[in-house]
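# An overview of the molecular structure
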Amino acid sequence: MSVLEKMSSAEAIALEDKFGAHNYHPLPVVLSKGNGVFVWDVEGKKYYDFLSAYSAVNQGHCHPKIVGAMMEQAQTLTLTSRAFYNDKLGVYEKYMSDYFGFDKVLPMNTGAEAVETALKICRKWAYEKKGIPENDAQIIVCENNFHGRTTTIISFSNDENARKNFGPYTAGFIKIAYDDIDALEKAITASKNIAGFLVEPIQGEAGVYVPSTDYLAKAKALCEANNVLFMADEVQTGIARTGSLLAVCGNCTCEAKCEKQASYVQPDVLILGKALSGGAYPVSAVLANDSIMNVIKPGQHGSTFGGNPVAAAVAMVALDIVSEENLAQNAKALGQLFRDKLNEYIVTSSIVKLVRGKGLLNAIVINDTEDSETAWNICMKLAENGLLAKPTHGNIIRFAPPLVMTEYQLLDCVGIIINTLKEFEK
């Protein structure tokens, strides 16, 4: 078959099955086009995208400004490596630093790379600034975390599917319960070798667990009191997804950090990815102030593609769109509407136990066991009815549409979801 020849969904799935590694279990939908909140399969069927590539496509599929910036830069200069300067990187770094309120940014490509970068910075800071003996630094993480799938990251995961038969594992991590300040305080005060606390402001992959209102602020205060770095992994929750620019912003919906917002929790290290490029290009970043970031010297960390001109051009436009199109405000309003409508339905439902989330990062918990296929079957039926979502952890379905969605579209989607769920009521 010619690569230019149109193929069916079945043929495309068969090709992946034969020639691709089986490291994912996707829904059997083969997409070939996207625009805004919609995607189309190879047969031309139209769907609402209610996953947004795990919150990477916050600005909508194929946003013309992002695509335009990418094409213009790709036709001019794509890659220099960091062996030389380029005329986009410095501009991008200043833009990022100003936008998020930090002294410096270290550009990378993927979310997992950014997390690994943050861990390295934290450890180096611990040895050179805090005085922890080399190789003794410990970093506190939370149970049920998801920070990526590198060898180091899975070392502190408790997802056995991600861990089993990939050891030996990297040492130096302490796992505690999520949203448990007492557990954090106990871990921090039990040792003088605690370098940092790595946390997702909302645990997305675990099933969209939103912590107590004051959890992040209390965690930051504990870290500050004990000279421990507070590291916020906002790869999935950042860039307006939860109704504010960052999930650590609390209720703030401004386009940048606002000193007047009492709910803002300033991370020592901020980790970004996914929607930093609007899903058009792999872009991630770690931000910190000079007292932390300056521990990294030439040759000690890097990436051939990190900070390339295309990434810089795309990310700046992607962030401009967040501000220009009021995506945080839209996510906050539509997210509340979504949960209100689902809660109205849940009162009389036997198939859904609850809906939870913040902004347009939400999930419903299906009234069945984690090892059941009910949530998967619901997602299959949702796809049949024109909406794409996917289960996480067996009986939980995550909903995260592009933030450019309108109220009319959201209510249409709520109708599809509720009518689909009704087919599974006992």
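Predicted model, so just to flag it, every value in this text is computed and none were measured.

### Some remarks on the sheet that holds strand β15 (residues 396–399)
In any sheet, the strands associate via hydrogen bonds between backbone groups, in a parallel or an antiparallel arrangement. Read from one edge to the other, the open sheet built from four strands follows the order β11-β12-β15-β14, with strand pairing classed as antiparallel. Each edge of the open sheet is held by one strand with a lone partner, namely β11 (352–358) and β14 (390–392). Strand-to-strand twist across the sheet, computed as the mean angle between neighbouring axes with direction ignored, equals 30°. As paired strands, β14 and β15 are joined by three bridges and run antiparallel to one another. Following the sheet pairing, Thr392 is matched in β15 by Ile396.

### Observations concerning the packing of helix α13 (residues 374–384) against helix α14 (residues 407–422)
Put simply, α13 and α14 touch, their axes get as near as 10 Å, and they point 130° apart. Judged by the inter-axis angle, α13 sits oblique to α14. Crossing of α13 against α14: the hand is right-handed. Each of Ile378, Lys381 and Leu382 in α13 lies in contact with α14, whose residues at this interface are Ile416, Ile417, Thr420 and Leu421.

### Structural notes on the pattern of salt bridges
The tally for this structure, following the rule as stated, stands at 10 salt bridges. Between Glu324 and Lys65 there is a salt bridge, with the nearest N and O atoms lying 3.0 Å from each other. You can see Glu324 sitting in helix α11 (residues 309–324) and its partner Lys65 sitting in helix α3 (residues 64–74), a full 259 residues away along the chain. The partly exposed category is assigned to Glu324, whose relative accessible area is 47%.

### Quick word on the side chain of Arg339
Looking at where Arg339 falls in the secondary structure, it is placed in helix α12 (residues 327–346). One buried charge, Arg339, has no salt-bridge partner; the nearest side chain with opposite charge is Asp340, at 6.4 Å. Those residues in contact with Arg339, other than ones at most four positions away along the chain, are Val355, Arg356, Gly357, Lys358, Gly359 and Asn362.

### Thoughts on the layout of surface pockets
Approximately 610 Å³ is the volume found for the second largest pocket. Considering the residues around the second largest pocket, the lining is formed by 22 residues, among which Arg82, Glu93, Val105, Leu106 and Pro107 are closest to the centre. When residues of the lining of the second largest pocket are traced back to their parent elements, those giving at least two are α4 (89–100) and β4 (104–108). Counting residues per element, the lining of the second largest pocket draws most heavily on β4, at four residues. Classifying every residue of the lining of the second largest pocket by side-chain character gives nine nonpolar, eight polar and five charged.

### Quick look at the sheet that holds strand β6 (residues 173–176)
With mixed pairing, seven strands are arranged side by side in an open sheet as β4-β10-β9-β8-β7-β5-β6. Strands with a single pairing partner mark the edges of an open sheet, and in this sheet they are β4 and β6. Each strand axis lies, on average, 20° off the axis of its neighbour in the sheet, ignoring direction. Across three bridges, the pairing between strand β5 (residues 138–142) and strand β7 (residues 194–199) is parallel. Bridging across to β7, Ile139 finds its partner in Gly196. Across the sheet, α4 lies against β4, β9 (269–272) and β10 (284–288), angled at about 120° from β4, the strand it touches most. Strands β5, β7 and β8 (229–233) of the sheet are contacted by helix α9 (residues 215–225), whose axis makes an angle of about 145° with β8.

### Here we look at the packing of α4 against α11
Following both chains from N to C, one finds α4 and α11 inclined at 30°, their axes separated by 9 Å at the closest point. Relative to α11, α4 is oriented roughly parallel. The crossing of α4 and α11 is left-handed. Only Ala312, Ala315, Met316, Leu319, Asp320, Val322 and Ser323 of α11 make contact with α4, whose side of the interface consists of Val91, Tyr92, Tyr95, Met96, Tyr99 and Phe100. Looking at the contact of α4 with α11 residue by residue, the classes come out as 11 nonpolar, one polar and one charged.

### Side note on the confidence of the model for the protein
For the protein, per-residue confidence averages 95 on the pLDDT scale, and 96% of positions sit at 70 or higher. Taken as a whole, residues 255–260 scores under 50 in pLDDT and shows 11 contacts with residues more than four places along the chain or in a different chain.

The rules behind each value
- Residues numbered from 1 in each chain as written.
- Predicted model: local features only at pLDDT ≥ 70, side-chain atom pairs only at ≥ 80, totals over all residues.
- Heavy atoms only, no water.
- Pairing = 2+ DSSP bridges.
- Helix = DSSP H or I, 4+ residues; strand = E, 2+ residues; numbered from the N terminus.
- Axes fitted to C-alpha atoms, helices over the stretch in contact; angles between N-to-C directions.
- Parallel < 35°, antiparallel > 145°, perpendicular 65-115°, else oblique.
- Left-handed = near helix turned anticlockwise from the far one by under 90°.
- Contact = heavy atoms within 4.5 Å.
- Salt bridge = Lys/Arg side-chain N within 4 Å of Asp/Glu carboxyl O.
- Buried < 20%, exposed > 50% of the residue type's maximum accessible area, 1.4 Å probe, protein only.
- Lys, Arg positive; Asp, Glu negative; His and termini not counted.
- 1 Å grid on protein atoms, 1.4 Å probe; cavity = no way out; pocket = protein on both sides within 12 Å on 5 of 7 lines; lining within 4 Å.
- Points joined across faces, edges and corners; volume = space filled by probe spheres on them.
- Nonpolar A, V, L, I, M, F, W, Y, C, P; charged D, E, K, R; others polar.
- pLDDT = per-residue confidence, 0-100.

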